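Now for the letters of each chain:
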Amino acid sequence: MGLSRDSVGIKSVDLGLEIKKRSKTDKVIALAGNPNVGKSTVFNQLTGMNQHTGNWPGKTVANAQGYCSDGSQGYVMVDIPGCYSLMAHSAEEEVARDFICFENPDAVVVVCDATCLERNLNLVLQVLEASPHAVVCVNLMDEAKKKKISLRLDLLEERLGVPVAGTAARSKKGLDQLYSGLKRCLEEKEEGMERPVLICYPEYIEEAITKLTPVVENISDINVNTRWLCARLLDSNENLMGAVKKYLKPVAESKEVRACLEELRREWKDRGIDQEKISDDMASAFVKKAEYLCTGVVIYENQTYNRKDRKLDWLFTSKITGFPIMFLVLLCIFWLTITGANYPSQFLSKVLFGLEDWLARTADWAGVPAVISNLLIHGVYRVLAWVVSVMLPPMAIFFPLFTLLEDFGYLPRVAFNLDRCFKRCSACGKQALTMCQRKSMLFSDRKRPFFS
Ligand SMILES: Nc1nc2c(ncn2[C@@H]2O[C@H](COP(=O)(O)OP(=O)(O)OP(=O)(O)O)[C@@H](O)[C@H]2O)c(=O)[nH]1
Ligand SMILES: [Mg+2]
């Protein structure tokens, strides 16, 4: 089976999670954030569940729910796929965007990577524009400390106007702060506290939002933030417009909204402003704000802390060296898995099949009826012996090697290298890693006939 749009697209991941509350008072909390920042680790620590975690982006591809409580308030936590922006460039990002923007969670926890906060704040600002009831969870604080990066989270909280909690989820640190942040956020929501507008667009866009707002507000039954919706309608991102058609049909079909948008675009055209400029100006408003928010918040004690990482990035992802190194490393791993697995496999099959003969003789001697010994020993036991001797050795070799690559930080670089190739088949580079795992198992299985 090859890759098809259906097998890799939105249909493959949008399994339509139905949120089930344990009690009526439970609050639904979305755990959002860039890929690989520790969302699932936070989720597992809070809920005691076992979502897949690992050091490469794109592990979580569909929403998952779990339950937790801070003693007084119950929560339904929803672990959603990682996304860099709400403008969704992949199927998993669409799942995340749709849940944050259109499924109305009671609050959103935006998990960030403390070692590269500025890049993560771009998504924080986008989420805060769409859903102002949010808590920022700055995770990987232990990694930031190792890299000698200090963070003034109190200042960040003051600037953002929402609770900020610093965590090291892997070692369960800071989760109490996260709970108290959530509590504060929900209390403020109940009090109807207004949040200040964080993103100010250039004047011509602000004027357009002011004109469009009353037209959109006239449509009833809209459960999303009006300013965010107006800005997105003006940005007219094709992917997001698809979601607006799906979730906000009255807006998508409103003649008044369409007429107002057409008029605004005509005015812009007369002033020489095209759609590309609007999108660029909107995107740069977020980037500039993130830059401002980080000034004085992120303090690098060692300015050259990432020099080694940058050199490795160049070596492993540049056009000249990136692909040859990647092919060599993956080839080496596949070779070790496939060839190396033969020896333990042969040993295991010798031992296990030797045991089968012994078991059969013992059953004969004990007078077990042939029909039972055939079923149990030559049936169940033999299949089990084949499965163990064929599957166990490649797994025992491949997974530790893969874990080494993961700990070394090479896997995200493989995802980056392969992103362009995978995009051509409607997928994205992150999926390469799952494919590597599957292919390796498949090749090593094919080398040995499963049944003799
Ligand atoms: N050192 C350290 N590592 C962490 C921490 N939290 C998570 N990790 C590690 O970071 C990696 C990514 O964690 P995940 O929970 O899988 O990240 P995610 O955001 O769910 O990733 P995607 O689902 O791919 O978007 C894993 O190897 C975790 O063990 C932390 O606080 N400190
Ligand atoms: Mg995850």
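Treat the numbers as computed from the prediction; the structure is a model and nothing was measured.

Reading the values: the criteria
- Residues numbered from 1 in each chain as written.
- Chains lettered and ligands numbered in written order.
- Predicted model: local features only at pLDDT ≥ 70, side-chain atom pairs only at ≥ 80, totals over all residues.
- Heavy atoms only, no water.
- Helix = DSSP H or I, 4+ residues; strand = E, 2+ residues; numbered from the N terminus.
- Contact = heavy atoms within 4.5 Å.
- Areas by Shrake-Rupley, 256 points an atom, 1.4 Å probe, with all protein chains shown as cover.
- Lys, Arg positive; Asp, Glu negative; His and termini not counted.
- Charge placed at Lys NZ, Arg CZ, Asp CG, Glu CD.
- Phe/Tyr/Trp six-rings, centres within 6.5 Å; stacked < 30°, edge-to-face > 60°.
- Buried < 20%, exposed > 50% of the residue type's maximum accessible area, 1.4 Å probe, protein only.
- Donors = N, O, S within 2.8 Å, 3.2 Å for Na, K, Ca; no water.
- Domains from an automatic or database assignment.
- Salt bridge = Lys/Arg side-chain N within 4 Å of Asp/Glu carboxyl O.
- Near = heavy atom within 4 Å.
- Polar contact = N/O pair within 3.5 Å; in protein donor to acceptor, adjacent residues only side chain to side chain.
- Nonpolar A, V, L, I, M, F, W, Y, C, P; charged D, E, K, R; others polar.
- Axes fitted to C-alpha atoms, helices over the stretch in contact; angles between N-to-C directions.
- Parallel < 35°, antiparallel > 145°, perpendicular 65-115°, else oblique.
- Left-handed = near helix turned anticlockwise from the far one by under 90°.
- Expected span 1.5 Å × (residues − 1).

**Quick look at the overall build of the protein**
Okay, step 1: In terms of helices and strands, the protein carries 19 helices and 8 strands.
Okay, step 2: Along the three orthogonal principal directions, the C-alpha set of the protein runs to about 90 × 55 × 45 Å.
Okay, step 3: In the protein, of all internal contacts separated by at least 6 residues, the share reaching a separation of at least 24 is 73%.
Okay, step 4: Of the roughly 24000 Å² that the protein leaves accessible, carbon and sulfur atoms contribute 57%.
Okay, step 5: Side chains of the protein carry 57 positive and 54 negative charges; the gap between the two charge centres is 7 Å.

**Let's talk about the packing of aromatic side chains**
The geometry of an aromatic ring pair is captured by two quantities: the separation of the ring centres and the angle between the planes.
Okay, step 1: All chains considered together, the criterion is met by 11 aromatic pairs.
Okay, step 2: Judged by centre distance (5.9 Å) and plane angle (50 degrees), the rings of F323 and F327 are tilted. With F323 and F327 both in helix α16 (residues 322–365) and 4 residues apart, the pair spans about one turn of that helix.
Okay, step 3: With relative accessibility at 28%, the residue F323 sits in the partly exposed group.
Okay, step 4: A residue is classified by how much of its surface remains accessible, and F327, at 54% relative accessible area, is exposed.
Okay, step 5: Counting every residue linked through ring pairs, the aromatic cluster contains F102, W228 and Y247.

**A look at the coordination of the magnesium ion (ligand 2)**
Okay, step 1: Protein coordination of the magnesium ion (ligand 2) is provided by S40 (OG) and T60 (OG1), with donor distances spanning 2.0 to 2.1 Å. Of the two residues, S40 is situated in helix α3 (residues 39–47) and T60 in the loop between α3 and β2 (64–69); the sequence distance between them amounts to 20 residues. We note that S40, like T60, is buried.

**Focus on unusual backbone geometry**
Okay, step 1: Positive phi is not limited to glycine here, since L140 has a value of about 60 degrees.
Okay, step 2: Residue placement: L140 occurs in the loop between β5 (134–139) and α6 (141–146).
Okay, step 3: Even without glycine at this site, K172 takes up a positive phi of about 60 degrees.
Okay, step 4: In this structure, K172 sits in the loop between β7 (164–166) and α8 (175–190).
Okay, step 5: Residue K172 is classed as exposed on the basis of its relative accessible area of 56%.

**Quick look at the domain arrangement of the protein**
Okay, step 1: Domain assignment breaks the protein into domain 1 (14–190), domain 2 (203–273) and domain 3 (316–446).
Okay, step 2: Placing a centre on the C-alpha atoms of domain 1 and another on those of domain 3 gives a separation of 34 Å.
Okay, step 3: Facing the 9 residues of domain 1 at the interface are 10 residues of domain 3.
Okay, step 4: Viewed at the interface, domain 3 and domain 1 are joined by 0 salt bridges.

**Here we look at the site of ligand 1**
Okay, step 1: Residues in close proximity to ligand 1 total 23 residues, the closest being K39, T41, G58, K59 and T60.
Okay, step 2: Between ligand 1 and A169, the relevant distance is 2.8 Å, taken from an oxygen atom to a main-chain nitrogen or oxygen of the residue.
Okay, step 3: Isolated, ligand 1 exposes 660 Å² of accessible area, and the fraction of that covered by the protein chains is 95%.
Okay, step 4: Looking at the shell around ligand 1, the elements with two or more residues in it are α3 and α6.
Okay, step 5: The element contributing the most residues to the shell around ligand 1 is α3, with 3 residues.
Okay, step 6: For the shell around ligand 1, the per-class residue count stands at 7 nonpolar, 11 polar and 5 charged.

**Observations regarding the packing of α16 against helix α17 (residues 370–408)**
Okay, step 1: Here α16 crosses α17 at 155 degrees, and the two axes come no closer than 8 Å. With respect to their mutual orientation, α16 and α17 come out roughly antiparallel. In the crossing of α16 with α17, the sense of the turn from one axis to the other is right-handed.
Okay, step 2: Considering only residue class, the contact of α16 with α17 consists of 26 nonpolar, 7 polar and 2 charged.

**Structural notes on helix α4 (residues 91–102)**
Okay, step 1: For α4, spanning 12 residues, the distance from its first C-alpha to its last is 16 Å, which sits close to the expected 16 Å at 1.5 Å a residue.
Okay, step 2: Within α4, the full set of buried residues consists of A91, E92, E93, E94, V95, A96, R97, D98, F99, I100, C101 and F102.
Okay, step 3: One or two residues past the end of α4 sits N104, with phi positive at roughly 50 degrees.

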